[in-house]
Amino acid sequence: GESVGLHLPTLSVQEGDNSIINCAYSNSASDYFIWYKQESGKGPQFIIDIRSNMDKRQGQRVTVLLNKTVKHLSLQIAATQPGDSAVYFCAEKAGNNDMRFGAGTRLTVKP
Amino acid sequence: NAGVTQTPKFQVLKTGQSMTLQCAQDMNHNSMYWYRQDPGMGLRLIYYSASEGTTDKGEVPNGYNVSRLNKREFSLRLESAAPSQTSVYFCASSEAGGGADTDTQYFGPGTRLTVL
């Protein structure tokens, strides 16, 4: 069936390095994607979104890349900081269908 | 703006007890959602409401009921709690519907429910 998944369940980076978190999706009809950050004990926090008519979108220190050919989504965090430590997960939506969420990748930033 | 608020933050129930989880949003959003989050799994949609007065089932609706009390409030009720309903419950809202073209969902802080 269709699914939203992540390549790596955990990612550990050094403070100041760039982080790349990946997400694979299998529903070719998905046209809207979101990245969320979830800190321990808190609700998911919107980071950035992208629609399928775009390949790249930039925010503050974050960039989302969408490769529709291989159904791949990535979140790049520049100059990763300790406050970036959290679980990051992607979500996809196809038209009026429900949003579907991946399980998440835990990012740990080492000082 | 408080965004999306949820009460209670924590709850412990015995099997068979009932309870209602409350959710409110102050962003004038059209749509509201209830999700559950279990370890190692993505958020799963329980119920949603695309507008005041309407509700629809999501992926895992069994054992739950909802009420869209008004545009601001969307409650989730467990009539007879079971251990399988131990989870973290999140409410979310979005502008989606009513002609809005954004689907971004904003989440509350969650309710941690344990059913013994």
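Calculation notes
Residues numbered from 1 in each chain as written. Chains lettered and ligands numbered in written order. Predicted model: local features only at pLDDT ≥ 70, side-chain atom pairs only at ≥ 80, totals over all residues. Heavy atoms only, no water. Core = buried A, V, L, I, M, F, W, Y, C linked by side-chain atoms within 4.5 Å. Buried < 20%, exposed > 50% of the residue type's maximum accessible area, 1.4 Å probe, protein only. Contact = heavy atoms within 4.5 Å. Phe/Tyr/Trp six-rings, centres within 6.5 Å; stacked < 30°, edge-to-face > 60°. Helix = DSSP H or I, 4+ residues; strand = E, 2+ residues; numbered from the N terminus. Pairing = 2+ DSSP bridges. Axes fitted to C-alpha atoms, helices over the stretch in contact; angles between N-to-C directions. Buried area = accessible area lost by both parts, 1.4 Å probe. Salt bridge = Lys/Arg side-chain N within 4 Å of Asp/Glu carboxyl O. Polar contact = N/O pair within 3.5 Å; in protein donor to acceptor, adjacent residues only side chain to side chain. Nonpolar A, V, L, I, M, F, W, Y, C, P; charged D, E, K, R; others polar. Disulfide = S-S within 2.5 Å.

> Please give an account of the nonpolar core that cites residues and values.
Counting residues in hydrophobic clusters, the biggest one holds 20 residues, and the most contacted among them are Trp35, Leu73, Leu75, Tyr88 and Leu107 of chain A. Excluding anything up to four places from it in sequence, Leu75 of chain A contacts Ser19, Ile20, Ile21, Trp35, Ile47, Ile48, Val62, Thr63 and Tyr88 of chain A. One finds Leu13, Ala81, Cys91 and Val115 of chain B within the second-largest nonpolar core, a separate group that totals 19 residues.

> I'd like a description of the packing of aromatic side chains, backed by residues and values.
In total, this model carries 14 aromatic pairs over all chains according to the counting rule given. Judged by centre distance (6.1 Å) and plane angle (50°), the ring pair of Phe46 of chain A and Tyr106 of chain B falls under tilted. With Phe46 of chain A in strand 5 (residues 45-51) and Tyr106 of chain B in strand 10 (residues 106-107), this pair bridges two chains. Site record: aromatic cluster; members linked through ring pairs are Tyr36, Phe46, Phe89 and Phe101 of chain A together with Tyr33, Tyr35, Tyr48, Phe90, Tyr106 and Phe107 of chain B.

> Can you explain the sheet that holds strand 7 (residues 64-68) of chain B? Please cite residues and give values.
Whenever strands of a sheet pair, they do so through backbone hydrogen bonds, lying parallel or antiparallel. Residue and element names in this part refer to chain B. An order of 1-3-8-7 is seen for the four strands of this open sheet, with the pairing classed as antiparallel. Of all strands in the sheet, those with a lone pairing partner are strand 1 (4-7) and strand 7, marking the two edges. Put simply, the sheet's adjacent strands are angled 20° from each other on average, direction ignored.

> Outline the interface of chain B and chain A, listing residues and values.
The interface of chain B with chain A comprises 21 residues on the first partner and 19 residues on the second. A combined buried area of about 1400 Å² lies between chain B and chain A, and 51% of that area is made up of carbon and sulfur atoms. On the chain B side of the contact with chain A, Leu43, Asp103 and Phe107 of chain B bury the most area, a combined 31% of that side's loss. When the shortest N-O distance is used, the salt bridge between Arg100 of chain A and Glu59 of chain B registers 3.7 Å. Our enumeration of links across chain B and chain A arrives at five residue pairs in polar contact (both at pLDDT 80 or more). Elements with a minimum of two residues in the side of chain B that touches chain A: strand 4 (31-37), strand 5 (44-49) and strand 10 of chain B. Counted by class, the side of chain B that touches chain A contains nine nonpolar, eight polar and four charged residues.

> Help me get a handle on the pattern of salt bridges, residues and values and all.
Applying the stated criterion across every chain yields a total of eight salt bridges over all chains. In this structure, the salt-bridge partner of Glu39 of chain A is Lys42 of chain A, at a minimum N-O distance of 4.0 Å. Asp38 of chain B is the salt-bridge partner of Arg44 of chain B, the closest N and O atoms lying 2.8 Å from each other. The network of salt bridges with common partners includes Arg36, Asp38 and Arg44 of chain B.

> Please give an account of the state of the cysteines that cites residues and values.
Per the stated rule, a full pass over the model turns up two disulfides over all chains. Put simply, Cys23 of chain A and Cys90 of chain A are joined by a disulfide, and their sulfur atoms are 1.8 Å apart. Placement of the pair is Cys23 of chain A in strand 3 (residues 19-25) and Cys90 of chain A in strand 9 (residues 86-93), with a sequence separation of 67 residues. Given the relative accessible area of 1%, Cys23 of chain A is considered buried. Residue Cys23 of chain B pairs covalently with Cys91 of chain B via a disulfide, S to S 1.9 Å. On the S-S bond that ties Cys23 of chain B to Cys91 of chain B, the torsion sits near -75°, and the link is left-handed. With a gap of 68 residues between them, Cys23 of chain B in strand 3 (residues 19-25) and Cys91 of chain B in strand 9 (residues 87-94) connect regions that are remote in the sequence. Cys91 of chain B carries the same exposure label as Cys23 of chain B, and that label is buried.

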